[in-house]
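In case you want the letters, here they are:
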2 protein chains.
Amino acid sequence: MKIGLDMMGGDFAPLEAVKGLQLFLSSQEEAPANVFLFGDEAQVRPLLEEHQVPLDRVTVVHTPQVIGMHEHPTKALKEKQQSSITVGFHFLASGKIDAFISAGNTGAMLVGACYSLKSIEGVLRPTISTIIPKEDGKTGLLLDVGLNADCKPENLNQFALLGSLYAKHILGIEQPRVGLINIGEEEGKGNILAQATYPLLKENNQINFVGNVEGRDVFIDSADVMVCEGFTGNIILKLAESLYDITQRKSIEHEYFDRFNFENYGGTPVLGINKPVIIGHGISHAKAFKNMLSLSSKMINSNLFEQMQQAFAPSALS
Amino acid sequence: MKIGLDMMGGDFAPLEAVKGLQLFLSSQEEAPANVFLFGDEAQVRPLLEEHQVPLDRVTVVHTPQVIGMHEHPTKALKEKQQSSITVGFHFLASGKIDAFISAGNTGAMLVGACYSLKSIEGVLRPTISTIIPKEDGKTGLLLDVGLNADCKPENLNQFALLGSLYAKHILGIEQPRVGLINIGEEEGKGNILAQATYPLLKENNQINFVGNVEGRDVFIDSADVMVCEGFTGNIILKLAESLYDITQRKSIEHEYFDRFNFENYGGTPVLGINKPVIIGHGISHAKAFKNMLSLSSKMINSNLFEQMQQAFAPSALS
């Protein structure tokens, strides 16, 4: 198993990436993995030694360029052929690594994921999700959270299936309950998109649809997979993230709000493409990098991608 | 000043309505008002005496019918001509009262407000808002929160103006900063609606537009008036309400989350119509009823409606 890690991505790179890598490689729980490190060798090598990263488990791939956090994604990917993100995607597309992780420019990661890799056949639009901590200690999955600001009903129907497979094979939730984010309980409520999506979800026998979920249900255990277009999803995601920050600033200490610390979850995978790509938060620290490495290892070792290919094969959808 | 109050609306009516009325009428801060009480006289009268409501300040209007919380709004308003909501709107439309308040069937209140009253000339769609408690102790206004699930850019532009006038004349915020709820900071970000709305807000010289506000900004003091379509707004509203419930259930006590108790704010006015109509939460208790009475008094005594008429007059918009 070969995992690719962008050492230059995120506000605290490469130091925190190195620290996270060290945590991951020294953990006994993890399956043995080799990690390919994409970055400026002169910066990365001394940190590896300083933090006692086992050098036989890593391969440094020197990439002299960096795509900055605020660069235009498409332009930067095209012009910076020697950047850690560009080279990382080349390695992933050509099979030299099995997964790629970066906490760098989100837009560049999304463009790279969607254009240098192939979508799973039958998937109209890849999607990104977030883990939502539920009041009772469980976790839910919310998607899309920003990759698809405008959606058609069929997109939401596909997100429901992608989310269900991820919830089952990665989060370990059997028969995940799918809820449609909406502004009323009954069928027929909502905006035009939600109204048109409801019957598709209801008729989709590949998922376990449980009906509409409202804003008040997002943080309670009413559904395991919550589906919406990326505009609403991104507002919910960032609002949830801000709750952790606010409670920290106000010194409101409670394990419930600790679970809103999105470092716990590491990053979000891009779902609907044929290889594992994980996008981290710009403010990722060691823990987040460690968790992203663990998640990519889990994604490689699960049969998630096989399951997704089968689920979207024409025979499965008939 | 004559305020109309539906005594039969809400889960704890008429008892909590009577208690709230008593609080309002005994408060020295309030301008003298007479309150018209719409409800079942046999239920209401004994409660008025029991709770020592000054009878010279109230007029009981006997309405033998009640529109239930789950009845179909249009059907119920048409068929129950003797209900407290139907009669209340008749009194308001004919000028016998100056404002009407109910914590009853929200749909019936919205339909009643939009069809028995006139919109302010030039207003395309009336809207409802909610108060959002900000981290620094201030309050913001979010609209629309559910009356308009699908919107056009021009609707959002009008909500921005209606919200600004309400923030100025009722909430006492000079030059309220208007933010567009969006999924990115810069102009050009967002879904099709947000992208098309941004230039309208930017060019609108009747408002103080400060740009996009993201999910993470909703609870911090980045804008006084936050504008979105009613789908996203309703999700945010109900999610914010659920935070109060969750912190209560988890015994997380902090004045910040206390401010998410929406009883503090009483109810939401319907903005864009030519008279004050205030819709309360079904679970309103005495405090909420008292606050709705105070709000309607404030709306009657302010020159909000004159300001709205002037702002939407053709000459003002040129």
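Residue numbers restart at each chain and count upward from 1, following the sequence in its written direction. Throughout, the order in which chains and ligands are written sets their labels, letters from A for the former and numbers from 1 for the latter. Selection of residues for local features in this predicted model requires a pLDDT of at least 70, selection of side-chain atom pairs for listing and counting requires 80 or more, and totals for whole chains, interfaces and linings are taken over all residues. Hydrogens and water molecules were not included; the side-chain quantities draw on all heavy atoms of the structure.

Enquirer: How would you summarise the overall build of chain A if you had to cite specific residues and measurements?
Expert: Broken down by element type, chain A carries twelve helices and eleven strands. Taken along the three principal axes of its C-alpha coordinates, chain A extends 60 × 50 × 40 Å. Out of the 318 residues belonging to chain A, those deemed buried represent 59%. Long-range contacts, defined as pairs at least 24 residues apart, comprise 70% of the intrachain contacts of chain A with a sequence gap of at least 6. His is not counted, nor are the chain ends; Lys and Arg add positive charge and Asp and Glu add negative charge. To locate a charge, take NZ of a lysine, CZ of an arginine, CG of an aspartate or CD of a glutamate. Charged side chains of chain A number 26 positive and 36 negative; the gap between the two group centres comes to 3 Å. In DSSP terms, a helix is any run of H or I states spanning at least four residues, a strand is any run of E spanning at least two, and both are numbered starting from the N terminus. We call a residue buried when its accessible area falls under 20% of the maximum for its residue type, exposed when it is over 50%, and partly exposed in between, using a 1.4 Å probe and counting protein chains only. We call two residues in contact whenever any of their non-hydrogen atoms come within 4.5 Å of each other.

Enquirer: How would you summarise the relation of the copies chain A and chain B if you had to cite specific residues and measurements?
Expert: When the copies are superposed, the least-squares fit takes in the C-alpha atoms of residues with a pLDDT of at least 70 in both. Its rotation angle being 180°, the transformation that places chain A on chain B also includes 0.0 Å of axial translation and leaves an RMSD of 0.0 Å. Both copies of the chain, as the preceding transformation shows, are related through a two-fold rotation axis. Within chain A, the C-alpha atom positioned nearest to the axis of rotation is that of Thr232(A), 2.8 Å from it. Here 100% of the interface residues in chain A have copies in chain B that are interface residues too; the copies meet face to matching face.

Enquirer: Quick one: what's the story with the domain arrangement of chain A, residue by residue and with numbers?
Expert: Residues and elements named next belong to chain A. Assigned domains within chain A: domain 1 (1–123 + 272–304 + 311–318) and domain 2 (124–261). Residue ranges for the domains trace back to a domain assignment, done automatically or taken from a database. Computed from C-alpha coordinates alone, the two centres of domain 1 and domain 2 are separated by 25 Å. Taken together, the contacts link 18 residues of domain 1 with 14 residues of domain 2. Of the roughly 1500 Å² buried between domain 1 and domain 2 on both sides combined, carbon and sulfur atoms contribute 70%. Put simply, buried area is the surface a 1.4 Å probe can reach on two separate parts but cannot reach once they are joined, added for both. Of all residues in domain 1, the largest losses of buried area upon contact with domain 2 belong to Val123, Leu304 and Phe312, amounting jointly to 33% of the total for that side.

Enquirer: Could you give an account of the environment of Glu255(A), with specific residues and numbers?
Expert: Within the secondary structure layout, Glu255(A) lies in helix α9 (residues 255–258). Spatially, the C-alpha atom of Glu255(A) lies 9.6 Å from that of Gly137(A), the residues being 118 residues apart in sequence.

Enquirer: Hey, could you go over helix α11 (residues 304–312) of chain B for me, with residue numbers and the actual values?
Expert: Count 3.6 residues to each turn of an α-helix, and residues three or four apart come out pointing the same way. Taken together, the buried positions of α11(B) are Leu304(B), Phe305(B), Met308(B), Ala311(B) and Phe312(B). All buried residues of α11(B) lie within an arc of 125° about the axis, which places them on one face of the element. This arc corresponds to the set of directions leading from the helix axis out to the C-beta atoms.

Enquirer: So, the sheet that holds strand β3 (residues 58–62) of chain B: which residues are in play, and what are the values?
Expert: Residue and element names in this part refer to chain B. Strand order in the open sheet made by the eleven strands is β3-β2-β1-β4-β11-β10-β5-β6-β9-β7-β8, with mixed pairing throughout. Every interior strand has two partners, whereas the edge strands, β3 and β8 (208–213), have only one. If you compare each strand with its neighbour and ignore which way they point, the axes differ by 25° on average. Strands are treated as partners if at least two bridges between them are detected by DSSP. Here strand β4 (residues 99–102) pairs with strand β11 (residues 277–280) via three bridges, running parallel. Bridge pairing in β11 places Ile101 opposite Ile278. Along the sheet, helix α2 (residues 41–50) makes contact with β2 (34–39) and β3, crossing β3 at roughly 160°. What counts as an axis is a line fitted to C-alpha atoms, over the stretch in contact for a helix, and the angles between N-to-C directions run from 0 to 180 degrees.

Enquirer: Tell me about the sheet that holds strand β7 (residues 177–181) of chain A, and please be specific about residues and values.
Expert: Residues and elements named next belong to chain A. Ordered in space as β3-β2-β1-β4-β11-β10-β5-β6-β9-β7-β8, the eleven strands form an open sheet in which the pairing is mixed. A strand with exactly one partner marks an edge of an open sheet, and here the two such strands are β3 (58–62) and β8 (208–213). Ignoring strand direction, the axes of neighbouring strands in this sheet form an average angle of 25°. With five bridges connecting them, strand β2 (residues 34–39) and β3 associate as parallel partners. In the sheet register, Gly39 faces β3, and the bridge partner there is His62.

Enquirer: Could you give an account of the side chain of Ser84(A), naming the residues involved and the relevant values?
Expert: All names here are of chain A. Here Ser84 is to be found in helix α4 (residues 84–93). The buried category is assigned to Ser84, whose relative accessible area is 1%. Any pair of nitrogen or oxygen atoms within 3.5 Å is treated as a polar contact; in protein, a donor-acceptor pairing is required on top of that, and neighbouring residues in sequence qualify only through side-chain atoms on both sides. Only 2.8 Å separates the side chain of Ser84 from the side chain of Asp6, close enough to count as a polar contact.

Enquirer: Tell me what's going on with the environment of Ile128(A), and back it up with residues and numbers.
Expert: Residue and element names in this part refer to chain A. As for its placement among the helices and strands, Ile128 is situated in strand β5 (residues 127–133). Sequence separation between Ile128 and Arg249 is 121 residues, and the spatial gap between their C-alpha atoms is 28 Å. The residues touching Ile128, leaving out its near neighbours within four places in the chain, are Leu110, Leu142, Leu143, Asp144, Val145, Gly146, Leu147, Thr268, Pro269 and Val270.

Enquirer: I'd like a description of the interface of chain A and chain B, backed by residues and values.
Expert: It is common to give the size of an interface as the accessible area lost on bringing the parts into contact. Contacts between chain A and chain B engage 37 residues on the former and 37 residues on the latter. Put simply, a salt bridge is a Lys or Arg side-chain nitrogen that is within 4 Å of an Asp or Glu carboxyl oxygen. The interface formed by chain A and chain B holds four salt bridges in total. For Lys238(A), the salt bridge goes to Glu214(B), with nearest N and O atoms at 2.4 Å. Between chain A and chain B we count eight residue pairs in polar contact (both at pLDDT 80 or more) in total. When residues of the side of chain A that touches chain B are traced back to their parent elements, those giving at least two are α7 (192–203), α8 (230–249) and α9 of chain A. It is α8(A) that contributes the most residues to the side of chain A that touches chain B, 13 residues altogether.

Enquirer: Before we move on, could you go through the packing of aromatic side chains and cite the residues and values that matter?
Expert: Residues and elements named next belong to chain A. Here a Phe, Tyr or Trp ring, Trp counted by its six-membered ring, pairs with any other such ring whose centre lies within 6.5 Å, and the pair is stacked when the planes are under 30 degrees apart, edge-to-face when over 60, and tilted otherwise. This model, assessed by the stated rule, comprises 21 aromatic pairs over all chains. Between Phe219 and Phe260, the ring centres sit 5.1 Å apart and the planes meet at 85°, which makes this aromatic pair edge-to-face. Taken together, the positions of Phe219 in the loop between β8 and β9 (225–227) and Phe260 in the loop between α9 and β10 (267–271) put the pair 41 residues apart, joining distant regions of the chain. Of the two residues examined, Phe219 and Phe260, each falls in the buried class.

Enquirer: Quick one: what's the story with the pairing of strand β6 (residues 139–143) of chain B, residue by residue and with numbers?
Expert: Residue and element names in this part refer to chain B. In terms of burial, β6 is largely enclosed, as four of its five residues are buried. In this structure, strand β5 (residues 127–133) lies alongside β6, joined through five bridges in antiparallel fashion. Following the sheet pairing, Ile131 is matched in β6 by Leu141. Hairpin connection of β5 to β6: five residues between the antiparallel strands, including Gly137 at a positive phi of 100°.

Enquirer: Provide a residue-level description of the state of the cysteines, including the pertinent values.
Expert: Residue and element names in this part refer to chain A. We call a pair of cysteine sulfur atoms a disulfide when they lie within 2.5 Å. A full pass over the atoms with the stated rule returns zero disulfides over all chains. Cysteine Cys114 remains unbridged, with the sulfur of Cys151 as its closest cysteine sulfur at 13 Å. Look at Cys114 and you get partly exposed, because its relative accessible area is 24%. Unpaired in terms of disulfides, Cys228 finds its nearest cysteine sulfur in Cys151, a separation of 8.3 Å. Of the residues examined, Cys228 reaches a relative accessible area of 2% and is grouped as buried.

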